[in-house]
Amino acid sequence: MAGRSNGATHLDRTDRRGFYRRAAIASGSIAYEDPHRRRAVHVAPSIAVARSGGVRQHLASARHDLSLEPRQAYAGSHIERAAFYRGDDAALAAMTADDRVRYYVVAGDLAVLKKRGEGFDPLFSPAEAAAFGATRDTVFLGLMDEAPRFGAGLDAEAVAPLKARDDLKLIDLRTIAVQAIVAAEHVPPLAEAKSVLGWHARHRFCPNCGAVTALAQGGWRRDCPSCKAEHFPRTDPVVIMLAIAGARCVLGRSPRFPQTMWSCLAGFAEPGESIEEAVRREVHEEVGLTCARVRYFASQPWPFPSSLMIGCHAEALTDKIVIDRSEIEEARWFDRDELKLMLTRKHPHGLTTPPPIAIAHHIIRAFVENGGDVLA
Ligand SMILES: [Zn+2]
């Protein structure tokens, strides 16, 4: 959202660009270099943790590990988005010629990975990415440890031939996170790439006038040549919450869940609604409970296709559960002792919570560890 019409962002960008040492490179483009970049890249993950409201994340590399607690996927990116480059076509062109540039490649909803020994590498050189065929959209994701990172979205028809290749693996981002298929530092930029490339794929026509729109700003805007409207990538806010009363809380089951898994209730925030109002409405709609206090806990980008999960705890004032069967299959009260068994996979009936990659795990865990203090 930063950079749309934010005065502070504009000042910051103007100021920072003053530090750039620009020099012509062989192609006549402009080199990019920022003496402050190293500091920015290294500070950002710590800020992400400090702001995460209690989810102590296992960050991607050893130098950022702040605890031994489980990692929440998709958040904690090491990418510096460097938004000031998005409108600088010469700098973006210079980056694509840089030896360090690498592409994350997304085909449909799947990430393309390169088999390397026993593991998988999600980074491709420009030549490797180009060899996949027609790239539908290219997005500047940012800088990782000073190296440019782009996301490349392939046409849907590229999926089948790539799937047939022995040297590649096409796989969804949920499996990548759950099975830790790539190094942790690659999961947030893959999520960033999938979300914004997916937005481009779904927004090829202007919602104002219907004309074909064009990618702009390094992939962070689409412009309409007819009515001149500018369209920005969307993130859809989803509230995900644990309604609690004393030492108990309510979990539900969606028909889509594995048979033994129970989780927090969740739903999209609607236009004209605050986070607190959305939490109270969703809890009331899904299980019939009335809630009072709502406390924000932490958030998580969720690239399916492009949501922001906003985790909360809510104080339930009523006890009787009335299930909306169109939304969930089952719901009931759980006490903290039972939740602890579920979190640690020791429940006598095999019941579980979602895995640690999901914010729901951490919302539940915080309640097990801190009880009603989560509402303080
Ligand atoms: Zn238009």
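To be clear, the structure that these remarks concern was listed above.
Please read all numbers here as calculations on a predicted model, not as lab measurements. (Residues numbered from 1 in each chain as written. Predicted model: local features only at pLDDT ≥ 70, side-chain atom pairs only at ≥ 80, totals over all residues. Heavy atoms only, no water.)

Asker: What is the right way to look at the nonpolar core in this model?
Answerer: Burial of nonpolar side chains together is a common tendency in soluble globular proteins. In this structure, Tyr 74, Ile 176, Leu 242, Leu 251, Leu 339 and Ile 364 are the most contacted members of the largest nonpolar core, which totals 52 residues. The leading source of residues in this core is helix α10 (residues 359-370), at seven residues. Those residues within four positions of Ile 364 in sequence are excluded, and the remaining contacts are Leu 242, Leu 251, Cys 264, Leu 339, Leu 343, Thr 353 and Pro 354. The next biggest cluster of nonpolar side chains, apart from the first, holds 25 residues, and it includes Val 101, Leu 143, Ala 152 and Leu 162. (Core = buried A, V, L, I, M, F, W, Y, C linked by side-chain atoms within 4.5 Å. Buried < 20%, exposed > 50% of the residue type's maximum accessible area, 1.4 Å probe, protein only. Helix = DSSP H or I, 4+ residues; strand = E, 2+ residues; numbered from the N terminus. Contact = heavy atoms within 4.5 Å.)

Asker: Honestly, empty space enclosed by the protein in this entry has me stumped. Any pointers?
Answerer: The gaps of empty space that remain are located by a probe, the size of a water molecule, rolled over the atoms. In this structure the tally under the stated criterion is three cavities of 30 Å³ or more. Trp 199, His 203, Phe 205, Pro 207, Thr 213, Arg 222 and His 231 are the residues that line the second largest cavity. Here the lining of the second largest cavity is composed, by residue class, of three nonpolar, three polar and one charged. (1 Å grid on protein atoms, 1.4 Å probe; cavity = no way out; pocket = protein on both sides within 12 Å on 5 of 7 lines; lining within 4 Å. Points joined across faces, edges and corners; volume = space filled by probe spheres on them. Nonpolar A, V, L, I, M, F, W, Y, C, P; charged D, E, K, R; others polar.)

Asker: Please clarify how α10 should be interpreted in this entry.
Answerer: Residue pairs three or four apart in sequence face the same way in an α-helix, which turns once every 3.6 residues. With twelve residues, α10 extends 16 Å between its outermost C-alpha atoms, agreeing within 8% with the 16 Å of an ideal straight helix rising 1.5 Å per residue. For α10, a buried count of ten out of twelve residues is recorded, marking the element as mostly surrounded by other parts of the structure. The set of residues buried in α10 consists of Ile 359, Ala 360, His 361, His 362, Ile 363, Ile 364, Arg 365, Ala 366, Phe 367 and Val 368. Residues of α10 that are buried sit in contact with β11 (236-245), β12 (248-253), β14 (291-302), β15 (307-316) and α9 (336-343). Following α10 by one or two positions, Gly 371 adopts a phi angle in the positive range, close to 55 degrees. (Expected span 1.5 Å × (residues − 1).)

Asker: I would appreciate a short explanation of the packing of aromatic side chains in the present structure.
Answerer: In this description, an aromatic ring pair is defined by two values, namely the gap between the centres and the angle between the planes. For the structure on display, the rule yields nine aromatic pairs. Between the aromatic rings of Tyr 74 and Trp 302, the centroid separation amounts to 5.5 Å while the plane-to-plane angle is 80 degrees, which identifies the pairing as edge-to-face. In this pair, Tyr 74 sits in the loop between α2 (37-50) and α3 (89-96) while Trp 302 sits in strand β14, placing the two residues 228 residues apart along the sequence. Classification of Tyr 74 as buried rests on a relative accessible area of 3%. Between Phe 124 and Phe 132, the aromatic rings sit 5.1 Å apart at their centres with planes inclined by 80 degrees, giving edge-to-face as the arrangement. For Phe 132, a relative accessible area of 9% translates into the label buried. Taken together, the aromatic side chains of Phe 84, Tyr 85, Tyr 103, Phe 140 and Phe 150 make up a single cluster linked through ring pairs. The side chain of Arg 332 reaches across the aromatic face of Trp 262, ending 5.5 Å from its centre. (Phe/Tyr/Trp six-rings, centres within 6.5 Å; stacked < 30°, edge-to-face > 60°. Lys NZ or Arg CZ within 6 Å of the ring centre and 35° of its normal.)

Asker: Which parts of the structure should I look at to understand the sheet that holds strand β8 (residues 214-216)?
Answerer: What links the strands of a sheet is backbone hydrogen bonding, and the strands pair in either a parallel or an antiparallel sense. Taken together, three strands build an open sheet; the order of strands is β8-β9-β10 and the sheet is antiparallel. Only two strands of the sheet have a single partner each, and these edge strands are β8 and β10 (230-231). When strand β9 (residues 221-223) meets β10, the two strands line up antiparallel, connected through two bridges. Note on β10: the bridge partner recorded for Arg 222 is His 231. Where helix α7 (residues 187-202) meets the sheet, it contacts β8, β9 and β10, and its direction lies at approximately 20 degrees from that of β9. (Pairing = 2+ DSSP bridges. Axes fitted to C-alpha atoms, helices over the stretch in contact; angles between N-to-C directions.)

Asker: So what exactly am I meant to see when it comes to the environment of Val 279 here?
Answerer: Inspection of the secondary structure assignment puts Val 279 in helix α8 (residues 275-287). For Val 279, a relative accessible area of 0% translates into the label buried. On a C-alpha basis, the gap between Val 279 and Phe 268 in space is 9.4 Å, while along the polypeptide they are eleven residues apart.

Asker: I tried to follow the coordination of the zinc ion on my own but got confused; where do I start?
Answerer: Reference values for coordination geometry: four tetrahedral donors around a metal ideally subtend 109.5 degrees, six octahedral donors ideally subtend 90 or 180 degrees. Around the zinc ion, the protein contributes the donor atoms Cys 206 (SG), Cys 209 (SG), Cys 224 (SG) and Cys 227 (SG), at 2.2 to 2.4 Å from the metal centre. What the four donor atoms of the zinc ion show is an angle range of 99 to 118 degrees at the metal, which sorts the shape as tetrahedral. Look at where the donors of the zinc ion fall in the sequence and you get C-x2-C-x14-C-x2-C. Placement of the pair is Cys 206 in the loop between α7 and β8 and Cys 227 in the loop between β9 and β10, with a sequence separation of 21 residues. Judged by its relative accessible area of 4%, Cys 206 is buried. (Donors = N, O, S within 2.8 Å, 3.2 Å for Na, K, Ca; no water. Tetrahedral: all angles 85-135°; square planar, octahedral: opposite > 155°, others 65-115°.)

Asker: Would you explain the pairing of β15 in this entry?
Answerer: Taken residue by residue, a regular strand's side chains alternate between the two faces of the sheet. Counting buried positions along β15 yields eight of ten residues, so the element is predominantly enclosed. Note: β11 against β15, nine bridges, orientation parallel. The residue bridging Val 239 from the neighbouring strand is Ile 310, located in β15. Judged from the nine bridges that link them, β14 and β15 form a sheet pairing that is antiparallel. Its bridge partner lying in β15, Tyr 296 is registered against Cys 312. Counted between consecutive antiparallel strands, the loop separating β14 from β15 contains four residues.

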